[in-house]
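# Observations on the model geometry
Each chain is listed here by its residues.
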Amino acid sequence: MTKRSLILDCDPGQDDAIAILLALASEEEIELLGITTVAGNVPLALTTSNACRICELAGRPDVKIFAGASQPLFRKLVTAEWIHGNSGLDGANLPDPSMPLQAGHAVDFIIDTCLAAEDKSITICPIGPMTNVALALMKEPTIIPKIREIVCMGGAIKELGNTTPAAEFNIYVDPHAAKVVLDAGVEFVMMPLDVTHKALVTPERLQKLKDLNSPVGEVCGGMLDYFNRFDMTRYGFDGGPLHDPCVIAYLIDPELFKGRRVHLDIETASELTMGNTLADWWGIEEKEPNAYICDDLDVDGFFDMLTKRLARIKA
Ligand code: RIB
Ligand code: CA
């Protein structure tokens, strides 16, 4: 598998934070070209400063971070402090960052990076609402042939939603952006709740992260102690779901995951089912498949890889 030239678009968020750390710890498979931030779990100013906090934790103040959209394309911003805490990284206890933000808007970074690249060479991973990626595609459609794959965390296929019964948070917050990205015709891979709800940070797995005896292990332990409680209470899970790191793990070792190519569409009209990700899982309508959707993973293999990679960060 050729190395990924990655733009990671995120809304940290504890699980985004672990996705960033996993990407930074995986230089054999991933060249992180830059991080773009979007309003989602918490407002943009916080998702952006949180991305900086995590890169500084990893000893990587050199990472290029660009702030992006502060609200969805058309809808009012919905945030998730009820899950992530008011800081968006409750449990991390990290100091305010000192690393500089890059000048310029995230959307322009995505466009400029793609335009300067070879065809099908850039991987974009939206792990928050897809507002930035949609704006880049709308502003400069000539970037489409430059994109190798878009691998996102979002949606719910056979699972119910986690923000409404019909919709998962990232898609619910900006369903119009998600549809722009899906309809752009780029290779599209989705990690929905169907797979991320199997990536549960059980107490045993959490203890292995805490036992790393490093600042990264301590911060991940604190973040997950806080982040786990919501889903464990709501769903009765024996751990919290590590949604966003599934996307990075797929880039590192796609064999960890199972799924199928199906036709996918996204609800952008009905308030009742706004943001629903409707996949024709059984090929009933015989529409052309337009997405590869994962619904299973080797969960022990995922956590073994995650823990070993995070152990590499000694900063
Ligand atoms: O529904 C889970 C997704 O919404 C994750 O990406 C989480 O970070 C939030 O953005
Ligand atoms: Ca996220």
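Scroll up for the structure.
Residues numbered from 1 in each chain as written. Chains lettered and ligands numbered in written order. Predicted model: local features only at pLDDT ≥ 70, side-chain atom pairs only at ≥ 80, totals over all residues. Heavy atoms only, no water.

### Details of the overall build of the chain
Quick reminder of the rule: Only DSSP runs of H or I with at least four residues qualify as helices, and only runs of E with at least two residues qualify as strands; both kinds are numbered from the N terminus onward. The globule rule used for comparison is 2.2 Å times the number of residues to the exponent 0.38, while the radius of gyration itself is calculated over C-alpha atoms. Only heavy atoms enter the contact rule, under which two residues are in contact if any of them lie within 4.5 Å. The Shrake-Rupley method, run with a 1.4 Å probe sphere, supplies the accessible areas, and residue values consider only the shown protein chains as cover. A positive count includes Lys and Arg, and a negative count includes Asp and Glu. His and the chain ends are not counted in either. Charge coordinates come from a single atom per side chain, which is NZ of Lys, CZ of Arg, CG of Asp or CD of Glu.
Of the regular secondary structure elements, the chain holds 12 helices and 12 strands. On C-alpha atoms alone, the chain measures out to a radius of gyration of 18 Å, which is about the 20 Å that the 2.2 N^0.38 rule sets for 315 residues. Overall, the chain is about 50 × 45 × 40 Å in size when its C-alpha atoms are taken along their principal axes. Across the chain, the fraction of contacts at a sequence separation of at least 24, relative to all contacts at a separation of at least 6, is 84%. Of the accessible surface of the chain, which amounts to about 12300 Å², a share of 53% is contributed by carbon and sulfur atoms. Distance between charge centroids for the chain: 2 Å, based on 27 positive and 46 negative side chains.

### As for the coordination of the calcium ion (ligand 2)
As a reminder of what qualifies: Metal donors: N, O and S atoms at distances within 2.8 Å, or within 3.2 Å for Na, K and Ca, with water omitted from the atom set so that some sites may seem incomplete.
Bound to the calcium ion (ligand 2) are the protein donor atoms Asp11 (OD), Asp16 (OD), Asp16 (OD), Ile127 (O) and Asp244 (OD), situated 2.2 to 2.6 Å from the metal. Sequence spacing of the donors to the calcium ion (ligand 2): D-x4-D-x110-I-x116-D.

### Details of the site of ligand 1
Which entries qualify depends on this criterion: The criterion for a residue being near a molecule or strand is simple. One of its heavy atoms has to lie within 4 Å of it. Here a polar contact is recorded for every N or O atom pair within 3.5 Å, except that within protein the pair must consist of a potential hydrogen donor and a potential acceptor, and residues adjacent in sequence are included only if both atoms are side-chain atoms.
Surveying the vicinity of ligand 1 reveals the residues Asp11, Asp15, Asp16, Asn41, Ile127, Met153, Asn162, Glu168, Phe169, Asn170, His243 and Asp244. Within the backbone of Ile127, an N or O atom sits 2.9 Å from an oxygen atom of ligand 1. Contact with the protein chains removes 97% of the 270 Å² of surface that ligand 1 exposes when unbound. Listed by contribution, the elements that provide at least two residues to the shell around ligand 1 are α1 (14–24) and α6 (169–173).

### Overview of the pairing of strand β1 (residues 4–10)
Where we set the bar: For every residue, the accessible area obtained with a 1.4 Å probe (protein chains only) is divided by the maximum for its type, and the residue is called buried under 20%, exposed over 50%, and partly exposed between those limits. Two strands pair under a simple rule: DSSP has to find at least two bridges between them. Crossover handedness is defined by viewing with both strands directed away from the observer: a clockwise path from the first strand over the helix to the second marks the crossover as right-handed.
Among the seven residues in β1, seven count as buried, and that is most of the element. Both faces of β1 are covered, namely the face carrying Arg4, Leu6, Leu8 and Cys10 and the face carrying Ser5, Ile7 and Asp9. Bridge count between β1 and strand β2 (residues 30–37): seven bridges; the pairing is parallel. Directly across from Arg4, in β2, lies its bridge partner Ile30. Traced from β1 through α1 to β2, the parallel crossover comes out right-handed. Pairing between β1 and strand β4 (residues 122–126): five bridges, direction parallel.

### Digging into the packing of helix α5 (residues 131–139) against helix α7 (residues 175–183)
Using the following cut-off: The angle between two axes is taken between their N-to-C directions and runs from 0 to 180 degrees, where each axis is a line fitted to C-alpha atoms and a helix contributes only its stretch in contact. We call two directions roughly parallel when the angle between them is under 35 degrees, roughly antiparallel when it is over 145, roughly perpendicular when it lies between 65 and 115, and oblique otherwise. For any pair of crossing helices, the crossing counts as left-handed if the nearer helix is rotated counterclockwise from the farther one by less than a right angle, and right-handed if it is rotated clockwise. Classification convention: Asp, Glu, Lys, Arg as charged; Ala, Val, Leu, Ile, Met, Phe, Trp, Tyr, Cys, Pro as nonpolar; all other residues, Gly among them, as polar.
For the pair α5 and α7, interaxial distance at closest approach is 8 Å and the crossing angle is 50°. The orientation of α5 relative to α7 falls into the category oblique. With respect to the hand of their crossing, α5 and α7 are arranged in left-handed fashion. Taking contact as the criterion, the partners of Thr131, Val133, Ala134, Leu137 and Met138 in α5 are, on α7, Ala177, Val180 and Val181. The residue makeup of the contact of α5 with α7, split by class, is seven nonpolar, one polar and no charged.

### Some points on helix α2 (residues 44–57)
Spelled out, the test is: Working rule for helices: expected span equals 1.5 Å times residues minus one.
Across its 14 residues, α2 extends 20 Å between first and last C-alpha, which sits within 8% of the 20 Å expected from 1.5 Å per residue. Of all 14 residues in α2, 11 are buried; the element is thus mostly enclosed. The set of residues buried in α2 consists of Leu44, Thr47, Thr48, Ser49, Asn50, Ala51, Cys52, Arg53, Ile54, Cys55 and Leu57. Lining the buried residues of α2 we find α1, β2, β3 (65–67) and α10 (215–235).

### What about the side chain of Asp295?
Topologically, Asp295 is positioned in strand β12 (residues 291–297). Classification of Asp295 by relative accessible area gives buried; the value is 17%. Not counting residues within four places of it along the chain, the set of residues in contact with Asp295 comprises Lys158, Asp194, Val195, Lys198, Lys258, Gly259 and Trp281.

### Focus on the sheet that holds β3
The sheet built from eight strands is open, its strands ordered β3-β2-β1-β4-β5-β6-β12-β9 with mixed pairing. Here the strands that pair on one side only, and so sit at the sheet edges, are β3 and β9 (257–262). Each adjacent strand pair in this sheet contributes to an overall mean axis angle of 25°, direction not counted. Relative to β12, β9 runs antiparallel, the two being bridged by six bridges. Within the sheet, the bridge partner assigned to Lys258 lies in β12 and is Asp296.

### Observations regarding the nonpolar core
So the rule is basically this: The criterion is simple. A nonpolar core is a set of buried Ala, Val, Leu, Ile, Met, Phe, Trp, Tyr and Cys residues joined through side-chain atoms within 4.5 Å.
In this structure, Ile35, Ile248 and Phe257 are the most contacted members of the largest nonpolar core, which totals 67 residues. The biggest single contributor to this core is α1, with eight residues.

### Things to note about the environment of Ser87
Looking at the element boundaries, Ser87 is found in the loop between α3 (81–84) and α4 (106–115). For Ser87, a relative accessible area of 28% translates into the label partly exposed. Once residues within four sequence positions are removed from consideration, Ser87 is found in contact with Val42, Leu46 and Asn50. In this structure the side chain of Ser87 is engaged in a polar contact, spanning 2.5 Å, whose partner is the side chain of Asp90.

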